[in-house]
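Spelled out, the chains give:
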Amino acid sequence: MTDTPDVPDPERNRLSGRLSRTAKVGANLSGAGISFAANTLFGGAQGDERIAKALAAALGRSKGPLMKVAQMVSTIPDFLPAEYADELGQLQAQAPAMGWPFVKRRMRAELGPDWLSQFDTFQKEASHAASLGQVHDARLHDGRRVACKLQYPDMSSAVESDVGQLKAMLGLFKRMDGSIDLTEMVGEVTDRLREELDYGREAKHMALYAAMLADKDFVQVPEPVPEFSTDRLLTMTWLDGERLDAFESAAQETRNHIAEMLFWTWWGPFNGHAVIHGDPHLGNYQVTGGGTGINLLDFGCIRVFPPTFVEGVVDLYRATLAEDFDAAYAAYEKWGFQNLSRELVEVLNIWARFIYGPLLDDRVRSVADGVSAGEYGRKEAFQVRRLLKEKGPVKIPREFVFMDRAAIGLGAAYLRLKAEVNYHRLFEESLEGFDVTTVAARQASALKAAGLRPSSS
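This write-up is about the structure you can find in this document. Here the structure is a predicted model, which means the values were calculated and not measured.

**Side note on the sheet that holds strand β11 (residues 293-296)**
Spatially, β6-β11-β10-β8 is the arrangement adopted by the 4 strands of the open sheet, whose pairing is mixed. Strands with a single pairing partner mark the edges of an open sheet, and in this sheet they are β6 (219-220) and β8 (242-243). Sheet analysis places β6 next to β11, joined by 2 bridges and oriented parallel. Among the inter-strand pairings, V219 is bridged to a residue of β11, identified as I294. Against the sheet, helix α9 (residues 252-273) contacts β6, β10 (285-288) and β11, and its axis sits at roughly 40° relative to β11.

**Focus on helix α14 (residues 398-417)**
Between its first and last C-alpha atoms α14 spans 30 Å; for 20 residues at 1.5 Å apiece the expected length is 28 Å, and the two agree. Most of α14 is tucked away: 19 of the 20 residues are buried. One or two steps after α14, the chain reaches K418, where phi turns positive at roughly 55°.

**Points about the pairing of strand β3 (residues 133-140)**
Summarising burial for β3: 7 of the 8 residues are buried, a large majority. Strand direction decides the pairing type here: strand β1 (residues 119-122) and β3, joined by 3 bridges, are antiparallel. Residue pairing in the sheet places F119 in a bridge with L140 of β3. For strand β2 (residues 128-129) and β3, the ladder comprises 2 bridges, and the chain directions are antiparallel. Residue pairing in the sheet places A129 in a bridge with Q134 of β3.

**A word on a positive patch on the surface**
On the surface, a cluster of positive charge is made up of K104, R105, R108 and K124. Looking at the secondary structure, you find R108 in helix α5 (residues 100-111). R108 gets classed as partly exposed once you look at its relative accessible area, which sits at 41%.

**Let's talk about the nonpolar core**
One finds Y209, L262, W267, F270, Y332, W335 and F337 to be the most contacted residues of the largest nonpolar core, which totals 93 residues. Sort the elements by how many residues they give to this core and α14 lands first, with 11 residues. Those residues in contact with Y209, other than ones at most four positions away along the chain, are V221, T265, P269, V275, I276, H277, L296, F299 and I302. Membership of the second largest hydrophobic core comes to 25 residues, among which are F102, L111, L132 and L193.

The rules behind the values
Residues numbered from 1 in each chain as written. Predicted model: local features only at pLDDT ≥ 70, side-chain atom pairs only at ≥ 80, totals over all residues. Heavy atoms only, no water. Pairing = 2+ DSSP bridges. Helix = DSSP H or I, 4+ residues; strand = E, 2+ residues; numbered from the N terminus. Contact = heavy atoms within 4.5 Å. Axes fitted to C-alpha atoms, helices over the stretch in contact; angles between N-to-C directions. Expected span 1.5 Å × (residues − 1). Buried < 20%, exposed > 50% of the residue type's maximum accessible area, 1.4 Å probe, protein only. Patch = residues over 30% accessible without salt bridge, like charges linked within 9 Å, V, L, I, M, F, W, Y side chains within 5 Å. Areas by Shrake-Rupley, 256 points an atom, 1.4 Å probe, with all protein chains shown as cover. Salt bridge = Lys/Arg side-chain N within 4 Å of Asp/Glu carboxyl O. Lys, Arg positive; Asp, Glu negative; His and termini not counted. Charge placed at Lys NZ, Arg CZ, Asp CG, Glu CD. Core = buried A, V, L, I, M, F, W, Y, C linked by side-chain atoms within 4.5 Å.

Shown next as structure tokens:
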């Protein structure tokens, strides 16, 4: 990363920035709040649907971090009721790009007034724009094609403001019915969102994944270019590939192979190093070589787990396979679930049997027959929520949030591909020689090499 002068940071988390953002977002949400009040009194059975539509419209106008949070929570099946998840899930990750004046200001602030001369070419139009930043295609004088990821202005203040709005929003639209204690879940989403603004950390995540996947020659990870990167500019090598959904009609063998590559790209780092890529968005995978390789992109949302959490995941898999209730109970406790009872564990086991279902079945199969990618996990989440309302509440540990989200996202990708593989054999292979002490040592070594510290939670 390039050095920056020791001067006050104009884009730090500032009170004035937070207040300005809060006023803007609050104005957008006020209409949704009126809708909530009216429909609570007069809406009848259709009230929740109308509230959800108003909320989605308000968030769509707000853009920025709060919209990204909405996208995040809409992909966690047990976080929101179905009406809210359906509406928020339609918010587009692709946002209108900021124009050339912003690009010039950002690049000048990060690389100096002569920034443009440091590139052989630099495309004025963004090749991709999202809620927190946008990417430009460029070429360095040494011939390397690179992607320059520019963070939007005042994102630190916007994140802190929007985190406060998120908490208020969940209080206002509280149709959570007391079945799940969301405290840890909101904290987890908040922490990951803050980390996404740390481009220095994201560059280290790239190095971490390159090391963890070094023995998987079918996976490519972009390489950061430190001399052209700062806290708010991340320059990395450009990777070319086709969209995953372009292969939905490919030969069955090709689709199966892509699914197997996705499995090792996700489960390999998890079972081997207690690390996951926490953003299941299909745009974060590209297919190369006509279906023989994949590119893994966007390393802002990476979750480093305590190795004992992974041990709990493995323990629960084995307990579910053996139908051992006591072992399952112990595994949930190892995960960090609190206030458990026999009845609550029986409810949680419904979700476990769904998540682990393809891994338990020793045969070639789809992830779920007759289920669309968008509906994957919804029916089971509804059943669990209904039962928890009777038996709960249960406090969900924060580590569970992105594990759950990413597993559902991966399953949805398999459904899009209509893949048919033996997930049980793959998972058993990934567990060969599994030992939590070995995982802890391997994780510590990999994090140290990448310049990262273990997770504090």
